[in-house]
Amino acid sequence: MSRSKRNRPPLEEVYRLLFNQWGPQFWWPGRTRLEIIVGAILTQNTAWTNVEKAICRLRKARALNLRRLHSVDLKTLAEWIRPAGYFNVKARRLRSFTQLMFGRFGGDLRRLFALETPALREVLLSVNGIGPETADSILLYAAGRPAFVVDAYTRRFMMRHGWIGSGATYDDIARVFAAGLPRRVALYNEYHALIVALGKDLCRPKPRCAECPLRSWLPPARKK
């Protein structure tokens, strides 16, 4: 048996165990598609609690609409999103997204989301500051497309179980999930959220493997 087949993760069983442990996660926490997009951009390199504070400030400023986000000066926008950290950088990223929307799609998210998934992903990746994880978060949670979101928690638990190597790229990991699961939006949505719960509660930088529902698949050295 080849190494790749021997190390193929039992993804549906992993999902079942994670769901039994943590239950439904009710993701993504956003009221509108634009709010989800803004959250996906702001959550880069920060905790979600900080993003919630920034979104609350945008909501109070009545700025959670494309035209307002596009027309306000960058200094004000940066101040609104200050709790999310790297606020000057993230303000420019939000502005890059609104420039795309008004430059190519008339400020209409329906026109953006009318694109087929591969073309939509390519357009999102063309925006300065939107990488694969952010693009796939937008695809999955705002556009309702079956794009599996790979984050640091995903890489961590997959590596600890020997299901990917240290050189695996974002797309390598995403393909593992796409090949091993039915292409269902609801499943991808819940799976990613459950992986986040796993990473926050147990599969930390200093892991609590003895308490993990996935412990039986750990390499022998990690079970000790």
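Residues numbered from 1 in each chain as written. Predicted model: local features only at pLDDT ≥ 70, side-chain atom pairs only at ≥ 80, totals over all residues. Heavy atoms only, no water.

**Here we look at the packing of helix H11 (residues 152-160) against helix H12 (residues 170-180)**
How we decide: Structural elements are reduced to axes, namely lines fitted to C-alpha atoms, with helices fitted over the stretch in contact, and the angle between N-to-C directions of any two is expressed from 0 to 180 degrees. Runs of E in the DSSP output that reach at least two residues are strands. Runs of H or I that reach at least four are helices, and both are numbered from the N terminus. Each angle receives one of four descriptions, namely roughly parallel if under 35 degrees, roughly antiparallel if over 145, roughly perpendicular if within 65 to 115, and oblique otherwise. The contact criterion used throughout is that any non-hydrogen atoms of two residues lie within 4.5 Å. Note on residue categories: nonpolar means Ala, Val, Leu, Ile, Met, Phe, Trp, Tyr, Cys or Pro, charged means Asp, Glu, Lys or Arg, and polar means any other residue, Gly included.
H12 packs onto H11 with a crossing angle of 75° between their chain directions and a minimal axis gap of 11 Å. Relative to H12, the element H11 is oriented roughly perpendicular. On H12, the residues that touch Thr-154, Arg-155, Phe-157 and Met-158 of H11 are Tyr-170, Ile-173, Val-176 and Phe-177. Broken down by class, the residue content of the contact of H11 with H12 amounts to six nonpolar, one polar and one charged.

**Thoughts on the nonpolar core**
Under the convention used in this document: Buried Ala, Val, Leu, Ile, Met, Phe, Trp, Tyr and Cys residues form a nonpolar core when they are joined through side-chain atoms within 4.5 Å. We call a residue buried when its accessible area falls under 20% of the maximum for its residue type, exposed when it is over 50%, and partly exposed in between, using a 1.4 Å probe and counting protein chains only.
Formed by 75 residues in total, the largest nonpolar core has its most connected members in Leu-42, Leu-58, Phe-97, Phe-157, Phe-177 and Tyr-191. Filtering out sequence-adjacent residues up to four positions away, Leu-42 remains in contact with Val-51, Ala-54, Ile-55, Leu-58, Ile-81, Ala-84, Lys-90 and Leu-94.

**A closer look at helix H13 (residues 185-201)**
For clarity, the cut-off: Between the first and last residue of a helix there are one fewer steps than residues, each counted as 1.5 Å, and that sum is the expected span.
With 17 residues, H13 should cover 24 Å at 1.5 Å per step; its first-to-last C-alpha distance of 24 Å lies within 8% of that length. Most of H13 sits inside the fold, with 13 of its 17 residues counted as buried.

**So, the packing of aromatic side chains**
The description of an aromatic ring pair rests on the distance of the ring centres and on the angle between the ring planes. The following threshold applies: Pairing of aromatic rings covers Phe, Tyr and Trp, the last counted by its six-membered ring, and requires centre-to-centre distances within 6.5 Å; plane angles under 30 degrees mean stacked, over 60 mean edge-to-face, and any other angle means tilted.
Counted according to the given criterion, the structure contains 12 aromatic pairs. One aromatic cluster is present, built from ring pairs that chain together Tyr-15, Phe-19, Phe-148, Phe-177, Tyr-188 and Tyr-191.

**Observations concerning the layout of surface pockets**
For clarity, the cut-off: The rule is simple: put a 1 Å grid over the protein atoms alone, call a set of points where a 1.4 Å probe fits but cannot get out a cavity, call an open set with protein on both sides within 12 Å along at least five of seven lines a pocket, and count a residue as lining if it has an atom within 4 Å of a point. Grid points are joined across faces, edges and corners, and a volume is the space filled by probe spheres set on the points.
Estimates place the volume of the largest pocket at around 530 Å³. Lining the largest pocket are 20 residues, with Thr-43, Thr-46, Glu-133, Asp-151 and Tyr-153 sitting closest to its centre. Put simply, the parts of the chain that give the lining of the largest pocket at least two residues each are helix H10 (132-142), H11 and H13. For the lining of the largest pocket, the per-class residue count stands at nine nonpolar, seven polar and four charged.

**A closer look at the pattern of salt bridges**
Pairing of side chains with opposite charge becomes possible as their charged atoms draw close. Our working rule: A carboxyl oxygen of Asp or Glu within 4 Å of a side-chain nitrogen of Lys or Arg is what we treat as a salt bridge.
What the rule picks out here adds up to nine salt bridges. The shortest N-O distance in the salt bridge between Arg-82 and Glu-79 comes to 3.1 Å. In this structure, Arg-121 and Asp-136 form a salt bridge, with 2.7 Å as the shortest nitrogen-oxygen distance. Note that Arg-121 is positioned in helix H9 (residues 117-125) and Asp-136 in helix H10, a separation of 15 residues in sequence. Judged by relative accessible area, Asp-136 falls into the buried class, the value being 3%. Overlapping salt bridges, with partners in common, bring together Arg-57, Glu-79 and Arg-82 in one network.

**Describing empty space enclosed by the protein**
Applying the stated criterion to the full structure yields one cavity of 30 Å³ or more. Taken as a whole, the largest cavity encloses approximately 70 Å³ of empty space. Around the largest cavity, the lining residues are Phe-157, Arg-160, His-161, Leu-198, Leu-202, Cys-203, Pro-207, Arg-208, Cys-209, Cys-212, Leu-214 and Leu-218. Looking at the lining of the largest cavity, its residues break down into nine nonpolar, one polar and two charged.

**A look at H10**
Across the 11 residues of H10, nine count as buried, placing the element largely inside the fold. Within H10 the residues assigned to the buried category are Thr-134, Ala-135, Asp-136, Ser-137, Ile-138, Leu-139, Leu-140, Tyr-141 and Ala-142. If you follow the buried residues of H10, they end up packed against helix H3 (33-42), helix H8 (109-113), H9, H12 and H13. Gly-144 occupies a position one or two residues after H10 and carries a positive phi of about 70°.

**Overview of the environment of Tyr-15**
Here Tyr-15 lies in helix H2 (residues 11-22). Taking relative accessible area as the criterion, Tyr-15 reaches 19% and is therefore assigned buried. The spatial distance from the C-alpha of Tyr-15 to the C-alpha of Ile-195 is 8.8 Å, given a sequence separation of 180 residues. Apart from the residues lying within four places of it in its own chain, the contact partners of Tyr-15 are Leu-187, Glu-190, Tyr-191 and Leu-194.

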